[in-house]
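An overview of the molecular structure
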Amino acid sequence: MRAVAYKRPVLIAGCVGLLFYLGMFLMNGHQYRERTGRSLDSDQAIRSFSDLQQSLNNLSKVLRAFDQRQDAMQRILEEDRDTQRKVADVLKQAIQEQKEQHHQEVPPQKKKSSQVFPGSPLFKGWGENLSEDEQKEAQVLFGKYGYNVFLSDRLPLDRPLPDTREKGCLTKTYSKDLPTIGVVLIYLNEALSVLKRALRSIIDRTPKHLLKEIIMVDDNSSNENLKGDLDAYVKSLEEENPSLRITRVRHTEQKGLAHARVSGWRAATADVVAILDAHIEVHELWAEPLLTQIKADRTVVVSPVFDRVNFDDLKVIHYFPAAHAFDWALWCMYESFSPDYYKLNDSSLPGKSPSVMGILVADRKFLGEIGVLDEGMKVYGGENVELGIR
């Protein structure tokens, strides 16, 4: 491209020079004719044209020589660019081979495990990205509470839950004219964030016209944050929900689970009382099916299906309904429903159970009529057996 650019102005200059020479020749002939009154003779014309031809030949030789030099320069430039490209390719290949050789000579170092508590069940499937300080904090809390309070403190209080209801439940509708319900939460040194999440889920997922009250029974907890901090949170809930009654019952000494449940029943005023553990989260439409059963028969004691919450990652795992039973050692256990139940082929229907494992919902007055629970019962799980016998 450069050679072409140089040739063009040279050719133009040569043509201009030729025209100028011809013009001078014609002008000289004209002047000679005017001065002498006669034209140039043939010898003079021949000499003049011979000189012009010689000049043109000389100009042509100059142009050819110039053109040859330009072509030579163009070839040199192209060869130089090819050489530069070849050198760059050789250098690039040499660098790549050097990197590969270094990679082969120095094997990758294995990442050292930063797990501080490799034997702890808390870290079997959780906590991979925690720092050592965070692992230590989580392990201390796990040793104190038995579940992952470190994670609980960092989860939203209103976290969404998966809808694990049976397919038949998804299409059911319930009357708005149902009994009111009071929820009793029993706790002893429960984690504050777990209590807050239980309260939040009950308030957010229970219709306001059905939820009359929440009774919180503290069986003489020693954790300081279950006093002032919990009081402040309950006060904020009361301000947000002025129609909701939140009652606090505190034992001055530890009296056991059965006694705490009876304390909650005594403080309740709603038509139906739901006595639950404090480490729970409820789903949407959790209360309506239970209240529907009790409205149809006030002597029925029902137990909701609460999905399991993993102790380590706090994920909600679907719980399949089963009958509650107990063995001769009074240990609670799960059994199948009667064969007649499974013949109905509808898992959304309630099943009959010989016992109720802790969590129960009943007509408040009827529960009093059968004696509620034995407040002196101290055996773990014994109240399940007692309620079944009643």
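Because the structure is predicted, anything quoted here is derived from the model rather than measured. (Residues numbered from 1 in each chain as written. Predicted model: local features only at pLDDT ≥ 70, side-chain atom pairs only at ≥ 80, totals over all residues. Heavy atoms only, no water.)

1. Describing the pairing of strand β3 (residues 245-250)
Heads up, the rule is: Any two strands with at least two DSSP-identified bridges between them are counted as paired. Per the convention used, a helix needs a DSSP run of H or I reaching at least four residues, while a strand needs a run of E reaching at least two, with both numbered from the N terminus.
With six bridges joining them, strand β2 (residues 211-218) and β3 adopt parallel strand pairing. The partner of Ile-215 across the bridge, within β3, is Thr-247.

2. A closer look at the packing of aromatic side chains
This is how the line gets drawn: In this scheme Phe, Tyr and Trp rings, the latter by its six-membered ring, pair at centre separations within 6.5 Å, and the angle between planes marks the pair as stacked below 30 degrees, edge-to-face above 60, and tilted otherwise. Burial classification: accessible surface area is computed with a 1.4 Å probe over protein chains only, and a residue below 20% of its type maximum counts as buried, one above 50% as exposed, and the rest as partly exposed.
Using the criterion set out here, one finds nine aromatic pairs in the structure. Between Phe-123 and Trp-126, the ring centres sit 5.8 Å apart and the planes meet at 25 degrees, which makes this aromatic pair stacked. By relative accessible area, which is 6% here, Phe-123 ends up buried. Judged by centre distance (4.7 Å) and plane angle (55 degrees), the rings of Phe-337 and Tyr-341 are tilted.

3. Notes on helix α5 (residues 192-204)
Selection rule: One less than the number of residues in a helix, times 1.5 Å, gives the span that helix is expected to have. The contact criterion used is simple: two residues touch if any of their non-hydrogen atoms lie within 4.5 Å.
Here α5 is 13 residues long and its end C-alpha atoms lie 18 Å apart, about the 18 Å a rise of 1.5 Å per residue gives. Counting buried positions along α5 yields 11 of 13 residues, so the element is predominantly enclosed. Those residues of α5 that sit buried are Leu-192, Ser-193, Val-194, Leu-195, Arg-197, Ala-198, Leu-199, Arg-200, Ser-201, Ile-202 and Ile-203. Next to the buried residues of α5 lie α4 (149-152), β1 (181-187), β2 and α6 (228-240).

4. With respect to the pattern of salt bridges
Our working rule: By convention in these notes, a salt bridge is any Lys or Arg side-chain nitrogen within 4 Å of a carboxyl oxygen on Asp or Glu.
Under the definition given, this model contains 16 salt bridges. With a shortest N-O distance of 3.6 Å, Glu-224 and Lys-227 are connected by a salt bridge. By relative accessible area, Lys-227 is classed as partly exposed at 36%.

5. Focus on a nonpolar patch on the surface
Applied cut-off: The patch calculation keeps residues exceeding 30% relative accessible area without a salt bridge and links them within 9 Å when they carry like charges or within 5 Å when they are nonpolar (Val, Leu, Ile, Met, Phe, Trp, Tyr). The Shrake-Rupley method, run with a 1.4 Å probe sphere, supplies the accessible areas, and residue values consider only the shown protein chains as cover.
A contiguous nonpolar surface patch, about 230 Å² in accessible area, is contributed by Phe-326, Leu-330 and Val-379. Tracing the backbone shows Val-379 in the loop between α10 (364-369) and α11 (382-389). Since its relative accessible area comes to 46%, Val-379 is described here as partly exposed.

6. As for empty space enclosed by the protein
In plain terms, the rule: Whether a set of points on the 1 Å grid over the protein atoms alone is a cavity depends on a 1.4 Å probe fitting there but being unable to get out, while an open set qualifies as a pocket with protein on both sides within 12 Å along at least five of seven lines; lining residues are those with an atom within 4 Å of a point. Grid points are joined across faces, edges and corners, and a volume is the space filled by probe spheres set on the points. Here the nonpolar group is Ala, Val, Leu, Ile, Met, Phe, Trp, Tyr, Cys and Pro; Asp, Glu, Lys and Arg are the charged ones; every other residue, Gly included, is treated as polar.
Taken as a whole and judged by the stated rule, the model has one cavity of 30 Å³ or more. The space that makes up the largest cavity amounts to roughly 30 Å³. Surrounding the largest cavity, Arg-261, Val-356, Gly-358, Leu-360, Leu-373, Glu-383, Asn-384 and Leu-387 form its lining. In terms of residues, the lining of the largest cavity owes the most to one element, α11, which gives three residues. For the lining of the largest cavity, the residue count by class is four nonpolar, two polar and two charged.

7. Re the sheet that holds strand β4 (residues 272-277)
Heads up, the rule is: Every angle, taken between N-to-C directions, lies between 0 and 180 degrees, and every axis is a line fitted to C-alpha atoms, over only the stretch in contact when it is a helix.
Spatial ordering of the open sheet is given by β3-β2-β1-β4-β9, a layout of five strands whose pairing is mixed. Both outer strands of the open sheet, β3 and β9 (360-363), are each paired with one neighbouring strand and no more. Between one strand and the next, the sheet's axes are offset by a mean angle of 20 degrees, whatever the strand orientation. Here β1 pairs with β2 via seven bridges, running parallel. Opposite Val-183, over in β2, you have Ile-214 as the bridge partner. On top of the sheet, α6 reaches β1, β2 and β3; it is set at about 160 degrees to β3, its chief contact.

8. Let's talk about the nonpolar core
Heads up, the rule is: Think of a nonpolar core as a cluster: buried Ala, Val, Leu, Ile, Met, Phe, Trp, Tyr and Cys residues, connected wherever their side-chain atoms sit within 4.5 Å.
If you look at the biggest cluster of nonpolar residues, it comprises 37 residues, and the most contacted ones within it are Leu-185, Ile-214, Met-216, Leu-276 and Trp-286. Sorting the residues of this core by element identifies β1, α5, β2, α6, β4 and α8 (287-296) as the ones contributing at least two each. Tallying contributions element by element places α5 first for this core, with six residues. Once residues within four sequence positions are removed from consideration, Trp-286 is found in contact with Ile-181, Val-183, Arg-205, Thr-206, Ala-274 and Leu-276. In terms of nonpolar packing, the next biggest core, distinct from the first, is built from 19 residues, Val-249, Ala-362, Leu-373 and Leu-387 among them.

9. With respect to the confidence of the model for the protein chain
For clarity, the cut-off: Scored between 0 and 100, pLDDT is the confidence that the predictor attaches to each residue.
Of the residues in the protein chain, 74% have a pLDDT of 70 or more, and the chain-wide mean is 84. Every residue in residues 1-6 scores below 50 in pLDDT, and together they form seven contacts with partners more than four places removed in sequence or on other chains.

10. Let's talk about the pairing of strand β8 (residues 332-335)
Consecutive side chains along a regular strand alternate between the two faces of the sheet. Sheet topology places strand β7 (residues 323-326) next to β8; four bridges connect them, and they run antiparallel. Residue His-324 lies in a different strand from β8, and its bridge partner there is Tyr-334. Counting the residues that bridge the hairpin from β7 to β8 gives five residues, and of these Leu-330 lies at a positive phi of roughly 70 degrees.

11. Some points on the packing of α5 against α6
The line we're drawing: An angle counts as roughly parallel when it lies under 35 degrees, as roughly antiparallel when it exceeds 145, as roughly perpendicular when it falls between 65 and 115, and as oblique in every other case. Throughout, a crossing is termed right-handed when the near helix is turned clockwise from the far one, and left-handed when it is turned anticlockwise from it by less than a right angle.
For the pair α5 and α6, interaxial distance at closest approach is 11 Å and the crossing angle is 15 degrees. Relative to α6, α5 is oriented roughly parallel. As α5 packs across α6, the resulting crossing turns out to be right-handed. Of the residues in α6, those touching α5 at Leu-192, Leu-195, Lys-196, Leu-199, Arg-200 and Ile-203 are Asp-229, Leu-230, Tyr-233, Val-234, Leu-237 and Glu-240. Classifying every residue of the contact of α5 with α6 by side-chain character gives eight nonpolar, no polar and four charged.

12. Some points on helix α3 (residues 132-145)
Selection criterion: The arc under discussion is defined with respect to the helix axis, by the directions toward the C-beta atoms.
Here α3 contains 14 residues, and its C-alpha end-to-end distance of 20 Å stays within 8% of the 20 Å for a straight helix at 1.5 Å per residue. Buried within α3 we find Gln-135, Ala-138, Gln-139, Leu-141, Phe-142 and Tyr-145. The buried residues of α3 occupy an angular sector of 165 degrees when the element is viewed end-on, so they sit on one face. Seen from the buried face of α3, the exposed residues on the opposite side, beyond 90 degrees, are Asp-133, Val-140, Gly-143 and Lys-144. Packed against the buried residues of α3 are α4. Two residues or fewer after α3 comes Gly-146, characterised by a positive phi angle close to 90 degrees.

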